[in-house]
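# Geometric and topological summary
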Amino acid sequence: MSIDLFRSPTEVKQWRYRQKDLSVGFVPTMGALHEGHLSLVERSMRENDKTVVSIFVNPTQFNDPKDLKAYPTQLETDLELLKALEVDLVFSPEEKDVYPDSYRFKLSENQDSKLLCGADREGHFDGVLTVVMKLFHIVNPTHAYFGEKDYQQLSLISDMAKAFFMDVKVVGCPTFRSREGLALSSRNERLSTQARAKAPNFAKILQSAPSIDEARAELDAQGFEVVYLDQLWNRRFGAVKLEDVRLIDNVAL
Ligand code: PAF
């Protein structure tokens, strides 16, 4: 069976129009798919008549051009994985199709987006919210699936959908972890074998340290560069760098 790969927003809109009253689940991604993404896709397929996956490395959410350049891409492999799951449609647009306005218009949030990942990544969540809003308008899903690893992103997107009266149910899904406890992320690909062996300690320390200060001391001692550690919304959040690769995670308190 082949997979429908659409490049233009118009094609996707026409496809959506033909689905009429069917439920459409949507999983937005930046590609380099791993088991975490695939678990979101499987859930969407269980809960909806049709499932759409988008693959688009969104430039406006990268505040560091080096980070954008280093972001892994593997479209052919991703398509094979999605074909094996029998996903209905993959939307992989080019930048000019998503940003015909060259980012003249954008969406910003002035509160939670300034905390945690937003504090040291200027404009990151403006980029995320703008692209997700655009993708929602193109795909017009009934349900959209996001992982809790990016809890702040999930919460902002959910609030955005409510704020703009959008007819989409934003569904948060538990973080998918390796057997050792590392939250799966496309960025993990860039870790060396030694760093990959050490990386699961980040989640363990986040989970078990009695306080933020003790978590910081333990992470420092183990050679993680702490970007932030914080507690809010009844959760503990952290971002660290290992070999210049940024890892984020969060756990319920
Ligand atoms: O989580 C991601 O991969 C991205 O932030 C998203 C939601 C696909 C927007 O580009």
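See the structure shown above.
Structure report, in brief. Since the model is a prediction, treat every value here as computed from it, not as a measurement. (Residues numbered from 1 in each chain as written. Predicted model: local features only at pLDDT ≥ 70, side-chain atom pairs only at ≥ 80, totals over all residues. Heavy atoms only, no water.)

### Some remarks on the overall build of the chain
Within the chain, the secondary structure is distributed over 11 helices and nine strands. Overall, the chain is about 55 × 40 × 35 Å in size when its C-alpha atoms are taken along their principal axes. Of the contacts formed within the chain by residues at least 6 apart in sequence, a portion of 71% connects residues at least 24 apart. For the chain, the accessible area works out to roughly 12,700 Å², and carbon and sulfur atoms hold 48% of it. Across the chain, 32 positive and 38 negative side-chain charges occur, with their mean positions spaced 1 Å apart. (Helix = DSSP H or I, 4+ residues; strand = E, 2+ residues; numbered from the N terminus. Contact = heavy atoms within 4.5 Å. Areas by Shrake-Rupley, 256 points an atom, 1.4 Å probe, with all protein chains shown as cover. Lys, Arg positive; Asp, Glu negative; His and termini not counted. Charge placed at Lys NZ, Arg CZ, Asp CG, Glu CD.)

### Quick look at the sheet that holds strand β8 (residues 235–242)
Strand order in the open sheet made by the three strands is β7-β8-β9, with antiparallel pairing throughout. Unpaired on one side and paired on the other, β7 (225–232) and β9 (245–252) mark the two borders of the sheet. When strand polarity is set aside, the average angle formed by the axes of neighbouring strands in this sheet is 10°. Direction of pairing for β7 relative to β8: antiparallel, over a ladder of seven bridges. Paired with Leu 232 across the bridge in β8 is Arg 235. Here helix α10 (residues 200–208) sits on the sheet in contact with β7, β8 and β9, set at roughly 35° to β9. Relative to the sheet, helix α11 (residues 212–221) contacts β7 and β8, its axis offset from that of β7 by approximately 160°. (Pairing = 2+ DSSP bridges. Axes fitted to C-alpha atoms, helices over the stretch in contact; angles between N-to-C directions.)

### Here's the deal with the packing of helix α7 (residues 124–139) against helix α8 (residues 151–163)
For the pair α7 and α8, the least separation of the axes is 11 Å and the interaxial angle reads 50°. With respect to each other, α7 and α8 are oriented oblique. As α7 runs across α8, the sense of the crossing is right-handed. Contact with α7, carried on its side by Phe 125, Val 128, Leu 129, Val 132, Met 133 and Phe 136, involves Gln 152, Gln 153, Leu 156, Ile 157 and Met 160 of α8 and no other residues of that element. Broken down by class, the residue content of the contact of α7 with α8 amounts to nine nonpolar, two polar and no charged. (Parallel < 35°, antiparallel > 145°, perpendicular 65-115°, else oblique. Left-handed = near helix turned anticlockwise from the far one by under 90°. Nonpolar A, V, L, I, M, F, W, Y, C, P; charged D, E, K, R; others polar.)

### Observations concerning the site of the ligand
As a structural note, the neighbourhood of the ligand is formed by Pro 28, Thr 29, Met 30, Asn 58, Gln 61, Val 131, Phe 146 and Gln 153. Between Gln 61 and the ligand, the recorded distance is 2.7 Å, taken from a side-chain N or O atom to an oxygen atom. Residue Gln 153 places a side-chain N or O atom 2.7 Å away from an oxygen atom belonging to the ligand. Relative to its unbound accessible area of 290 Å², the ligand is 88% covered by the protein chains. For the shell around the ligand, the residue count by class is four nonpolar, four polar and no charged. (Near = heavy atom within 4 Å. Polar contact = N/O pair within 3.5 Å; in protein donor to acceptor, adjacent residues only side chain to side chain.)

### Concerning the sheet that holds strand β2 (residues 24–29)
Judged by pairing direction, the sheet is parallel, and its six strands sit side by side in the order β1-β4-β3-β2-β5-β6 without closing on themselves. In the strand order of this sheet, the two ends are held by β1 (4–6) and β6 (169–173), each with one partner. Across the sheet, the axes of successive neighbouring strands diverge by a mean angle of 25°, strand direction being ignored. Note: strand β5 (residues 143–147) against β6, five bridges, orientation parallel. The residue bridging His 143 from the neighbouring strand is Lys 169, located in β6.

### A few points about the packing of aromatic side chains
Working definition: an aromatic ring pair is given by the centre-to-centre distance plus the angle between the planes. Inspection of every chain in the model, using the stated rule, returns eight aromatic pairs. Summarising the aromatic geometry, the rings of Tyr 99 and Tyr 103 are spaced 5.5 Å apart at their centres and angled 85° between planes, so their arrangement reads as edge-to-face. Accessibility expressed as a relative area gives 23% for Tyr 103, which makes it partly exposed. Members of the aromatic cluster, each reached through a chain of ring pairs, are Phe 26, Phe 136 and Phe 146. The positively charged end of Lys 20 is found above the aromatic ring belonging to Tyr 17, 5.1 Å away from the centroid. Geometry around Phe 224 places Lys 198 over its ring, the cationic atom sitting 5.9 Å from the centre. (Phe/Tyr/Trp six-rings, centres within 6.5 Å; stacked < 30°, edge-to-face > 60°. Buried < 20%, exposed > 50% of the residue type's maximum accessible area, 1.4 Å probe, protein only. Lys NZ or Arg CZ within 6 Å of the ring centre and 35° of its normal.)

### Quick word on the pairing of strand β3 (residues 50–55)
Among the six residues in β3, five count as buried, and that is most of the element. Relative to β3, β2 runs parallel, the two sharing six bridges. Directly across from Val 27, in β3, lies its bridge partner Val 53. Note that the unit made of β2, helix α2 (residues 35–47) and β3 has a crossover that is right-handed. Note: β3 against strand β4 (residues 89–91), three bridges, orientation parallel. Counted as the bridge partner of Val 53 is Val 90 from β4. (Right-handed = clockwise from strand over helix to strand, strands pointing away.)

From the geometry alone we can't say anything about function, so treat these as descriptive.
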